[in-house]
Every structure is written in structure tokens, then in C-alpha cells.
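A closer look at the structure
The residues making up each chain are set out below.
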Amino acid sequence: MQTKAQIYKTAAAEIAAVIDGEPSAIARYATAACILSESFDSFFWTGFYLVDPHKPKELVVGPYQGSLGCLRIAFDRGVCGACASAEATVIVPDVHKFDGHIACDSATNSEIVVPVFDDTGALAAILDVDSTKFDNFDDDDKAGLEAICSGLLKGARI
Ligand code: SME
């Protein structure tokens, strides 16, 4: 059986190969959401919320795989907002114990949210992964997802 680190390594290589030369950030987000979602059975909702350039301090839903997500999340709301405000990864082992958690789907029990930065170092988006399992995410997920997010927008132009 493959370790999580091995699965992330394979997923990262696959994402890098598919987005190579692709200038569209949206195409890159969609590719990462799809490949990550297919890589782990435990990922119930996998996708991106983008910083709205017209409403700074507000996220708007981007490409994702999973059940219907809410459209907008303010920086002072939910796990996604906490990640966007801190510009740092947030792991929540039990979302029911996280004050202000936004339950887009009641099937979610744990969650990890990772920031995505553009070439200038500005926050561009967050990657949100939800699981129906409790305590599904650990430092291996943090390392694997941060590695994927750190390269995702390199060279993106549109
Ligand atoms: N649970 C997130 C909201 C996004 S959805 O789960 C897709 C939060 O608390 O920010």
C-alpha cells in the first residue's frame, strides 16, 4: 500500500505535467482539484476559493469536485476565512468543534485549508479539502498539499 507522501508525490507530478505551459490559473485550479480528488477516497470535497479582486477580504468559489459549495466566504468566517486571514494552513480534526465552521454539507467531519500564493507572493486562493472521516488530515497532508499549492500558479498569466 502506498503512503500518503507517495500518493501526494504522484499527484504533484501528474498535476505539474498536465498544467505545464498552461497560462490559465482557472485551468490549473481545475486540474489540481480533479487529480487530488481522484487520488484519495477520503476526500469528499476538494476545491478552491479565490480571493475576489473586487472585494478584498472575500473569497468566491472556484473549481471544485464534490457536492454544492457555498459561493462566497468572508475572511472573518469559517475555516476558509481563517486560513485566508492568517495566510497559513489550518487543520480541523472535528469541524463540529470549530467555532464558526460553515457547513456547506453536513457530511463533512474534518477539513484542511491551504493558502495559494501568486508569483508576487500575494494570496490568490485557498484550497479546501473536506472529509467525511474525523481527524483525516495530518502533517503529511499539510506537506503534500502545500507542495502542490506552492507550484500551482508559477508562470500563470490569466
Ligand atoms: N467548511 C468551509 C466552507 C467551505 S465548504 O466546506 C466547501 C469553512 O468553514 O470555511
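Quick note: structure is the one above.
Throughout what follows, the structure given in this document is the object of discussion. (Residues numbered from 1 in each chain as written. Predicted model: local features only at pLDDT ≥ 70, side-chain atom pairs only at ≥ 80, totals over all residues. Heavy atoms only, no water.)

**Looking at the site of the ligand**
For clarity, the threshold we go by: If a single non-hydrogen atom of a residue is within 4 Å of a molecule or strand, that residue counts as near it. Under the rule applied, a polar contact is a pair of N or O atoms within 3.5 Å (in protein, one hydrogen donor and one hydrogen acceptor; residues adjacent in sequence only if both atoms are side-chain atoms). Areas reported as accessible are Shrake-Rupley estimates using a 1.4 Å probe. Residue values count occlusion only from the protein chains shown. A pocket here means an open set of points on a 1 Å grid, computed over the protein atoms alone, that has protein on both sides within 12 Å along at least five of seven lines. A cavity is instead a set of points where a 1.4 Å probe fits but cannot get out; residues with an atom within 4 Å of a point line either one. Any molecule with more than half of its atoms within 2 Å of a cavity's or pocket's grid points is counted as sitting in it. A run of H or I in DSSP counts as a helix once it spans at least four residues, and a run of E counts as a strand once it spans at least two, with each numbered from the N terminus. Amino acid classes used here: Ala, Val, Leu, Ile, Met, Phe, Trp, Tyr, Cys and Pro are nonpolar; Asp, Glu, Lys and Arg are charged; the rest, including Gly, are polar.
The immediate surroundings of the ligand are formed by Trp45, Tyr49, Ile73, Gly78, Val79, Cys80, His101, Ile102, Cys104, Glu111, Asp128 and Asp130. In this structure, an oxygen atom belonging to the ligand sits 2.8 Å away from a main-chain N or O atom of Cys80. Interatomic distance of 2.8 Å between a side-chain N/O atom of Asp130 and an oxygen atom of the ligand. Contact with the protein chains removes 99% of the 300 Å² of surface that the ligand exposes when unbound. Here the ligand occupies the largest cavity. Among the secondary structure elements, those contributing two or more residues to the shell around the ligand are strand 1 (45–51), helix 3 (78–86) and strand 6 (123–131). Its residues assigned to classes, the shell around the ligand comprises seven nonpolar, two polar and three charged.

**Here we look at the pattern of salt bridges**
In plain terms, the rule: Note on definitions: salt bridges are taken to be side-chain nitrogens of Lys or Arg within 4 Å of carboxyl oxygens of Asp or Glu. Only protein chains enter the calculation, and the probe is 1.4 Å; a residue is then buried if its accessible area is under 20% of its type maximum, exposed if over 50%, and partly exposed in between.
Per the counting criterion, the structure on display carries seven salt bridges. Here Lys142 ties to Glu146 by a salt bridge, and the two come within 3.3 Å at their closest N and O atoms. With Lys142 and Glu146 both in helix 4 (residues 139–152) and four residues apart, the pair spans about one turn of that helix. Looking at Lys142, the relative accessible area reads 31%, which means it is partly exposed.

**Some thoughts on empty space enclosed by the protein**
What counts, and what does not: Grid points are joined across faces, edges and corners, and a volume is the space filled by probe spheres set on the points.
For the structure shown, the criterion picks out one cavity of 30 Å³ or more. Looking at the largest cavity, its volume works out to about 160 Å³. In terms of lining residues, the largest cavity is bounded by 20 residues, among which Ile102, Cys104, Glu111, Asp128 and Asp130 are the most central. Considering each element in turn, the lining of the largest cavity owes the most residues, three residues, to helix 3. Grouping the constituent residues of the lining of the largest cavity by class yields eleven nonpolar, five polar and four charged.

**Thoughts on the nonpolar core**
To keep things clear, this is the line we draw: To form a nonpolar core, buried Ala, Val, Leu, Ile, Met, Phe, Trp, Tyr and Cys residues must be joined to one another through side-chain atoms within 4.5 Å. Contacts: residue pairs with any heavy atoms within 4.5 Å of one another.
Counting residues in hydrophobic clusters, the biggest one holds 28 residues, and the most contacted among them are Ile15, Tyr29, Leu36, Phe48, Leu127 and Leu145. Among the secondary structure elements, those contributing two or more residues to this core are helix 1 (4–19), helix 2 (25–39), strand 1, strand 5 (110–117), strand 6 and helix 4. Setting aside residues no more than four positions away along its own chain, Tyr29 makes contact with Phe48, Leu50, Pro63, Val116, Ala124, Ala125, Leu152 and Leu153. With 15 residues, the next largest nonpolar core counts Phe75, Val79, Val90 and Ile126 among its residues.

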